[in-house]
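# Descriptive structure summary
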Amino acid sequence: MLQDNPTDIVVIGAGIIGISTALELQKRGKQVLVLDREGVGAGASKGNAGAFAFTDIVPLATPGIMRKAPKWLFDPLGPLSIPPSYALNIAPWMLRFWRASWQDRYAAALSAQAALMDHSRAALERQIADVDGEALMQREGQLQLFESEGEFRASLPTWDRRKDHGIPFDLLDNPDAIAEIQPGLDRRFTHAGFTPTWMNTVDPASWTRHLATRFTARGGQVEIATISALTPMDAGVRLTTAIGEIDARQVIVAAGAWSHHLAKTLGDRIPLETERGYNTTLPQGAFDLRTHLTFGGHGFVVTRINGGVRIGGAVELGGLELPPNYKRADALLAKAGRFMPGLNLEGGTQWMGFRPSLPDSLPLIDRSARAPQVFYAFGHGHLGLTQSAGTAELVADLVTNTKPALDMKPFASTRF
Ligand SMILES: Cc1cc2nc3c(=O)[nH]c(=O)nc-3n(C[C@H](O)[C@H](O)[C@H](O)COP(=O)(O)OP(=O)(O)OC[C@H]3O[C@@H](n4cnc5c(N)ncnc54)[C@H](O)[C@@H]3O)c2cc1C
């Protein structure tokens, strides 16, 4: 145990947020130990869609969303579901989500999200250069598809918001123009928006491992340990684990969808829930995919992962304990088969992951209100990979008392 020689900093969680943060702190001269109960990239960071979705600046909690939600909820395998046994548990989070969708809070969240995206895009380029990571990137943009003129028109305010924030895009109004970017789609998709600055990694698991390998090669440590509690001490923090106690001068909680349990041991109550998501990864050759496809009206995306095709998305507000319902992955795959007629549906592998989500669609990047040696970096929802490098720099700024590049109030732990 480390009582006599406390580690500078312990990062709890070896997902994309924890590993990116550890790497950034190390760059700033800190000695860092990462602890994870399973190892590198075991949680949501393992099987996500691999997108750096920098153009997705519009929060999920959008004005009018609560009018659309009941329609989705009627379809048990639709884009949004709440298992009946979890309905009461999720009710307080839904109320906060609803309040976040009011115009005043939505507008503030949108500005904060846009600023974080801008920062994260620049930070990712710095990170790629630092770890020699270009070979793990795909810079092919994103095609967001619409099934009718009506659906497309309804999306126009979101394109206006992107324009306000200087995000480049092309709007397409016929299937032939769409086919020039992505051939082989059903012609029911009459309209689309193409965002060229969108990026993907070839595989989110490989990207997380790549960063972890650089971190350990430079002297960082990653160990297996489950943390059950945090206790503030005179000159640091004590971490309770199954095999004993570990002392650190500072601690970063980056434990994804489980982070609020650790915050609670300090007395910080954070309304973190999980939006469970599903996907199926088909082997190489399943489809000639040229860009990232988003079928927004159906709540799923199609991306190229290691040369194969990953089809997934959906939101299931079902907590951390219920078993997965892989019929959701089957339903998305069947839809993709209809929308991409040449797609070979054979040989897929299914996965379910826990998005760590706060009700206002913004992450928590802050010092604990009760223990100034503890920092929080979680709650990135649908955008954890996208905002990982940006979050890492902001956390490192807070830890090293450097003025952060952004106004941090929208990401504060006390905002709820
Ligand atoms: C289907 C799906 C698709 C997605 N697609 C995208 C996408 O394209 N782009 C994007 O930006 N985001 C996407 N996301 C979201 C993204 O995956 C997450 O926001 C991100 O991975 C969160 O990273 P994290 O490091 O916070 O959490 P995680 O990756 O879940 O890591 C948390 C780690 O903490 C460890 N841990 C937890 N509790 C403890 C404890 N008590 N002690 C020790 N260790 C602990 C866990 O073992 C885990 O390894 C998607 C998510 C899903 C489910």
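Residues numbered from 1 in each chain as written. Predicted model: local features only at pLDDT ≥ 70, side-chain atom pairs only at ≥ 80, totals over all residues. Heavy atoms only, no water.

## Here we look at the overall build of the protein chain
Looking only at helices and strands, one finds eleven helices and 20 strands in the protein chain. Scaling as 2.2 N^0.38, a compact globule of 416 residues should have a C-alpha radius of gyration of about 22 Å, and the protein chain matches this with 21 Å. Projected onto the principal axes, the alpha-carbon positions of the protein chain cover approximately 70 × 45 × 40 Å. Relative to its full complement of 416 residues, the protein chain shows a buried share of 56%. When contacts within the protein chain are restricted to residue pairs at least 6 apart in sequence, those whose partners lie at least 24 apart make up 77%. Only carbon and sulfur atoms are counted for the fraction: they give 53% of the accessible area of the protein chain, which is about 17300 Å². Here the protein chain contributes 41 positive and 42 negative side-chain charges, whose respective centroids are spaced 4 Å apart. (Helix = DSSP H or I, 4+ residues; strand = E, 2+ residues; numbered from the N terminus. Rg over C-alpha atoms; globule rule 2.2 N^0.38 Å. Buried < 20%, exposed > 50% of the residue type's maximum accessible area, 1.4 Å probe, protein only. Contact = heavy atoms within 4.5 Å. Areas by Shrake-Rupley, 256 points an atom, 1.4 Å probe, with all protein chains shown as cover. Lys, Arg positive; Asp, Glu negative; His and termini not counted. Charge placed at Lys NZ, Arg CZ, Asp CG, Glu CD.)

## A short note on the pattern of salt bridges
Scanning all chains against the criterion turns up 25 salt bridges. Ionic pairing is found between Arg-276 and Glu-316, a salt bridge with its closest N-O pair at 2.7 Å. In this pair, Arg-276 sits in strand β14 (residues 273-282) while Glu-316 sits in strand β17 (residues 308-316), placing the two residues 40 residues apart along the sequence. Of the two residues, Arg-276 and Glu-316, both sit in the buried class. The network of salt bridges with shared partners includes Glu-24, Lys-27, Arg-28 and Asp-397. (Salt bridge = Lys/Arg side-chain N within 4 Å of Asp/Glu carboxyl O.)

## As for a nonpolar patch on the surface
Where nonpolar side chains cluster on the molecular surface, the patch consists of Leu-95, Trp-98 and Trp-102 and spans about 330 Å² of accessible area. Along the chain, Leu-95 falls in helix α4 (residues 87-100). The class of Leu-95 is exposed, set by a relative accessible area of 56%. (Patch = residues over 30% accessible without salt bridge, like charges linked within 9 Å, V, L, I, M, F, W, Y side chains within 5 Å.)

## What to know about the nonpolar core
In summary, soluble globular proteins display a tendency toward joint burial of nonpolar side chains. Counting 54 residues, the largest nonpolar core has Val-11, Phe-52, Leu-124, Trp-207, Ile-252 and Phe-411 as its most contacted members. Broken down by secondary-structure element, the contributors of at least two residues to this core are β1 (7-12), α1 (16-27), β2 (32-36), β3 (51-52), α5 (103-131), α8 (204-217), β20 (374-378) and α11 (388-399). Counting residues per element, this core draws most heavily on α5, at eleven residues. Dropping the residues within four chain positions of it, Ile-252 is found in contact with Ile-9, Val-10, Val-11, Ile-12, Thr-21, Leu-25, Phe-375, Ala-377, Val-395 and Val-399. (Core = buried A, V, L, I, M, F, W, Y, C linked by side-chain atoms within 4.5 Å.)

## Regarding the site of the ligand
The immediate surroundings of the ligand are formed by 34 residues, with Asp-36, Ser-45, Ala-51, Gly-381 and Thr-386 found nearest. Here Ile-17 contributes a backbone N or O atom positioned 3.1 Å from an oxygen atom of the ligand. Relative to its free-state accessible area of 1000 Å², the ligand is covered by the protein chains to the extent of 96%. Secondary structure elements with two or more residues in the shell around the ligand: α1, α2 (44-47), β14 and β18 (349-357). A total of four residues in the shell around the ligand trace back to one element, the largest contributor, which is β18. The class makeup of the residues in the shell around the ligand is 17 nonpolar, 14 polar and three charged. (Near = heavy atom within 4 Å. Polar contact = N/O pair within 3.5 Å; in protein donor to acceptor, adjacent residues only side chain to side chain. Nonpolar A, V, L, I, M, F, W, Y, C, P; charged D, E, K, R; others polar.)

## Focus: the sheet that holds strand β5 (residues 137-138)
Spatially, β3-β9-β5 is the arrangement adopted by the three strands of the open sheet, whose pairing is antiparallel. Two strands close off the open sheet at either side, each with one partner strand: β3 and β5. Here β5 pairs with strand β9 (residues 199-201) via two bridges, running antiparallel. Following the sheet pairing, Gln-138 is matched in β9 by Asn-200. (Pairing = 2+ DSSP bridges.)

## Focus: the packing of aromatic side chains
The final tally for this structure, using the stated rule, is 13 aromatic pairs. On the basis of an interplanar angle of 70° and a centroid distance of 5.5 Å, the ring pair of Trp-258 and Phe-354 is categorised as edge-to-face. In this pair, Trp-258 is assigned in the loop between β13 (244-253) and α9 (259-264) and Phe-354 in strand β18, connecting sequence segments 96 residues apart. A relative accessible area of 17% places Phe-354 in the buried class. A centroid spacing of 5.2 Å and a plane angle of 40° characterise the contact between Phe-295 and Phe-339, whose relative ring orientation is tilted. Residue Phe-295 is found in strand β15 (residues 292-295), and its partner Phe-339 is found in helix α10 (residues 327-339); the two are separated by 44 residues along the sequence. In this structure Phe-295 comes out as buried when scored by relative accessible area, which is 0%. (Phe/Tyr/Trp six-rings, centres within 6.5 Å; stacked < 30°, edge-to-face > 60°.)

Read these as layout, nothing more, since geometry by itself doesn't imply function.
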